[in-house]
Structure formats: C-alpha cells, structure tokens
Amino acid sequence: MIKKFSTYFLLLIFIGRILILPSFSVGAKDILNIMGDVNSDGIFNLSDIVTFQKWLLTDENATLDHWENADFCNDGKLDIFDLCSMQKSLLETEQIIEFNASYDMFSSGYTDAFFESNEENRIFTARSTNELREFLSIYFEEEIVFKYEEIYNDKFFEDSVLLLNVLFQSCGTEPDSEVTRVEYENKSLNVSVNKINFDVAEDVISALLIQVEISKYDYYTNTVKWQITETSEPQPPPVINENKKIIDVTNIAQYPELPTGCEVTSLTILLNHLGYKADKIDLARNYLPKQDFYWENGIYYGADFRTTFAGNPASEYSYGCYAPCIVTTANRYLNNIGAYSIAHNISGADFDSLLTDYIDNDRPVLIWITSSNLHESYLTSIWTTPAGEQVQWRAYEHCVVLTGYDLDNGLIYVSDPMYNNVAYDYDKIKLRYNEMGRQAVCIN
C-alpha cells in the first residue's frame, strides 16, 4: 500500500542522471520582483512551492506574502496551472550543489521529462535529530516529522547518518516505479524497483521521501556506490490451464481516492463480485469505522486498528485496519441494503484450507499480506488506544482478494487494489499471510 507510513514514506525513486530541484537568490531590493518567491525570503526554492501547494489546499496556516509572484499564467488568478508552471520554472534554474561525501551514482527509471533535464538532485545528510527535523520540516507536516524523530533518535545518530532527499511528483504525472527492496552491503546500496500501474489524481504536488541509513564509518571513510540491481514487478497471471483454479474477479484500484484504503477497496471488489453495487468511497465514508490520531495529556492516541481504521483511507498519512474492522464494515453495508449475506471473520485459517474450502468452491476471500511485492513486514509506530491499550503497527500491511492458484507452477492469484489482478509466488505469499496473523474474511 503505497502510502502507508513505512511504504510510501520510504519510497526511493532514482533518476537517469543526478537531478536537482535548485534555488536561486537575489538582493533584498529585488525581493518583490522574484517570480515564485511567495514567502518573501528573497529566494525562489522548494519552500515556495510547498507553501503554494498548501495554500491551494486551503491550509489555514499557509499564507502568500506576495501572491502575484505565483501568477505564472499571468491571468490574475492562482490555480494548479500556476503551480505546474512554478515547478517547471524551478527545474529550469541551474545551480551547482556541493556534496558532503564522494558518491558514485548509477541510476535509472522515471519519466522522459526527467531524462531531458540537466539538473542534479541534492542529497542531504542528517547527522542528528536537529538536522533531520530541519530537513523534514520544509516538506512535511509536524506529525510526519515527529514519527521520523521517533525512529531516528539520538541513539541512532550515535553510530549512523541518514541520507535524505525529496523528489516531487506533480500535476497528475504518473510515476512508473517504486522501490521494493533496499539493501546496503559491500559498500553498495542495492535497490530493487517494482513497476506500478495506477491512475494518479490531478492533484498538486506529492513529495516522495528518499532515505538511506549509512554507518558513520562508511560515510566518512568510503565512497558509497548507489546502484539499481534488478527490476521486478508482480507477475501477471499466466495463461490458464486445466491444472489450476482461478475465479474471474474484476479488479478495482484504490488509487487515487483511497491511497491507504486497500482493505475497504478489496472489500468493494469482493462485494461487486457477489453482485452488489458497492462503491469504495461510499464504504469508506459511511460504513468503515475510523478514528483520527490526537494528543491528550502528553499521550498520543489512535485507533485500535483491529476494530477501527487508524486514520482515514482518503489520506496518504494514515495506516489501515485488520479483519474485524472490515467484517463490521461489510455487515453494516449488507444490513443497510437489506441483503441476506453476512461477512465472517475466518482469521486463523490455514492458508491451504482457504484454497480447498473457498477457492475450490468459487468463493474469493479477503486476506492480509504485505505490499511492495510481498515485502517483509516489521513493527513500527506505537500509540495508545482510547481504551488505554498500547498497540504497534506492522509496516507494509496490505489487503487483497484471494482468487485462485496454480500449484504446479507455484503461483497464487489475487485481485490486488494496488496492482490489478496478479500472481504471486505460493511460498512467499503464504509466508506473508502467516506473518500478518492469518487474517481472512469471507462473505456467505
């Protein structure tokens, strides 16, 4: 799920050449005349773009000191077209950036527009929590900064440094890849890239955060080599033969409306397969139990994600939910429309029994696995539920519809709201299913 915290905040998109989103500055007397400088600091840079983006999204804390500097279309009004022109103008501004260490970079992937660019992309080195906060505060809300400070604290910076970068994706441009594996070994950063396929909303700008952990010893004594070692993607379903079972299910994409809504989108896929005319947005807004995060008396509170969605699936900054929450969502919807069907929590079922008891009987089921080509899960953020219980989230949590199998070729078929109808390796998806607590939901 691209925008669950440990997935979409850990995206690493590399470019055909080293690129930069640069800045330039002028004397104080010319401040009012700098196109793009909406915050009147005498510099046209990424901070102005972020400020303008927030203003377009009606952020009450975002103000434009000189709105006319954002009117790139010269039509006396401000809209997304000015923002696109503003970003393009910044990309066309050249500036040389000094690096903090020696880097040998080999990169590939991204759009043709970036390949045509001659700019460089700055790598920022954070060697303390203060430097980390200074960098993240430019681009992200306080909640995101706080989450990163929890992970990369003073203890982390005793032995390591963090290499950071932000790449902007704007105005409906469709990214074509995401990172599925990052391993630093033998003084090389090896990156696996997964092709993705989804429609992006005609939004403003999304910031893709790059982060790499490097030991202080390697950082100060060696040249770090960054290289893409392989390109992988979920394997498309092979040609059907008589030695496998597959149920024809129509996929529904969670993007762009529900960036963290894989669970409710998978439920929508299943309900529609059963003949109901369910809508993913309607389910998310009107039937899905959900709760936002908040601070009270110094304690950070959030939903019990087993029964309630943590955040909002329409927000890229949210987490998700587990099987009991989706059972509640499904039954609320089914009861409301007067249906006789009932959703059941069948969590704990052995993976192979799902194939024999459900798929063999033409009954798709929801299962919880992991995203990013079945990336290994791990425990991340901790918060307190309203009931006073501490809970901890698992990174890369993802929900799909199990639709079939081909055991002769070691494949399992799923309808994945992130990737469409795809086939995954039998052993690996079974491992991730068990890793996520054997969670499953069926509808009778």
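Look a little higher up for the structure.
Now for a look at the structure at hand. The model shown is predicted, which means the values in this text are computed figures rather than measured ones. (Residues numbered from 1 in each chain as written. Predicted model: local features only at pLDDT ≥ 70, side-chain atom pairs only at ≥ 80, totals over all residues. Heavy atoms only, no water.)

**Describing the packing of aromatic side chains**
Quick note on the threshold: Aromatic rings from Phe, Tyr and Trp, taking only the six-membered ring of Trp, are treated as a pair when their centres fall within 6.5 Å; an angle between ring planes under 30 degrees marks them as stacked, one over 60 as edge-to-face, and anything in between as tilted. Burial classes follow relative accessibility: with a 1.4 Å probe on protein chains only, a residue under 20% of its type's maximum area counts as buried, one over 50% as exposed, and anything between as partly exposed. The numbering of helices and of strands both runs from the N terminus, where a helix is a DSSP run of H or I of at least 4 residues and a strand a run of E of at least 2.
Across all of its chains, the model carries 21 aromatic pairs by this definition. Judged by centre distance (4.9 Å) and plane angle (40°), the ring pair of Trp295 and Tyr300 falls under tilted. In this structure Trp295 comes out as partly exposed when scored by relative accessible area, which is 49%. Ring centres 6.1 Å apart and planes at 65° place the aromatic pair Phe351 and Tyr426 in the edge-to-face group. With Phe351 in helix α12 (residues 351-357) and Tyr426 in helix α14 (residues 426-435), this pair connects stretches of sequence that are 75 residues apart. You'll find Phe351 and Tyr426 in the same group, each marked buried.

**So, the packing of helix α9 (residues 262-273) against helix α11 (residues 323-336)**
Definition in use: As a rule, the C-alpha atoms of each element are fitted with a line to give its axis, helices using only the stretch in contact, and angles between N-to-C directions run from 0 to 180 degrees. Roughly parallel covers angles under 35 degrees, roughly antiparallel covers those over 145, roughly perpendicular covers 65 to 115, and oblique covers all other angles. Here is the rule for handedness: rotate from the far helix to the near one, and if that takes an anticlockwise turn smaller than a right angle the crossing is left-handed, while a clockwise turn gives right-handed. Any pair of residues with heavy atoms lying within 4.5 Å of one another is described as a contacting pair.
Interhelical geometry of α9 versus α11 gives an angle of 45° and a closest axis separation of 10 Å. Taken together, the axes of α9 and α11 lie oblique to each other. In the packing of α9 onto α11, the handedness of the crossing is right-handed. Together, Glu263, Val264, Leu267 and Leu271 of α9 and Ile326, Thr329, Ala330, Tyr333 and Leu334 of α11 make up the contact between the two elements.

**Observations regarding the pattern of salt bridges**
Cut-off, in case you're wondering: Whenever Lys or Arg places a side-chain nitrogen within 4 Å of a carboxyl oxygen from Asp or Glu, that contact is recorded as a salt bridge.
Applying the stated criterion to the full structure yields 10 salt bridges. Of the charged contacts, one joins Asp304 and Arg306 as a salt bridge, the two residues approaching to 2.8 Å between their closest N and O atoms. Look at Asp304 and you get buried, because its relative accessible area is 18%. What emerges from the salt-bridge pattern is a single network uniting Arg133, Glu142 and Glu149.

**Points about the nonpolar core**
For soluble globular proteins, nonpolar side chains are generally found buried alongside one another. How we decide: In this description, a nonpolar core means a group of buried Ala, Val, Leu, Ile, Met, Phe, Trp, Tyr and Cys residues linked to one another through side-chain atoms lying within 4.5 Å.
Formed by 69 residues in total, the largest nonpolar core has its most connected members in Leu354 and Ile367. The element that contributes the greatest number of residues to this core is α11, accounting for 7 residues. Sequence-distant contacts of Ile367, defined by excluding residues within four places in its chain, comprise Phe351, Leu354, His398, Cys399, Val400, Leu402, Ile429, Tyr433, Gln439 and Ala440. Counting 12 residues, the second largest nonpolar core, distinct from the first, contains Tyr152, Phe157, Leu162 and Leu164.

**Side note on α11**
Applied cut-off: To estimate the expected span of a helix, count its residues, drop one, and scale the result by 1.5 Å.
In this model α11 runs 20 Å from its N-terminal to its C-terminal C-alpha over 14 residues, within 8% of the 20 Å that 1.5 Å per residue would give. Restricting attention to buried positions, one finds in α11 the residues Ala323, Cys325, Ile326, Val327, Thr329, Ala330, Asn331, Tyr333 and Leu334. Lining the buried residues of α11 we find α9, α10 (280-286), β14 (309-310), β15 (343-345), β16 (365-370) and β22 (440-443). Gly338 lies just past α11 and shows a positive phi near 75°.

**Some words on the pairing of strand β18 (residues 390-394)**
As a reminder, the rule being used: Note: two strands are recorded as paired if DSSP finds a minimum of 2 bridges between them.
On β18, burial follows the alternation: Val391 and Trp393 on one face are buried, whereas Gln390, Gln392 and Arg394 on the facing-out side are not. The pairing of strand β17 (residues 379-384) with β18 spans 4 bridges and is antiparallel. Bridge pairing in β18 places Leu379 opposite Arg394. The hairpin turn running from β17 into β18, its antiparallel successor, is 5 residues long, and Gly388 in that turn takes a positive phi close to 95°.

**Things to note about the environment of Tyr413**
Rules: We call two N or O atoms a polar contact when they sit within 3.5 Å, provided that within protein one can donate a hydrogen and the other can accept it, with sequence-adjacent residues counted only if both atoms are side-chain atoms.
Assignment of secondary structure puts Tyr413 in strand β20 (residues 411-416). Judged by relative accessible area, Tyr413 falls into the buried class, the value being 1%. Residues Tyr413 and Tyr424, spaced 11 residues apart in sequence, show a C-alpha to C-alpha distance of 6.4 Å. Among the polar contacts made by the side chain of Tyr413, one reaches the side chain of Lys244 at a distance of 2.4 Å.

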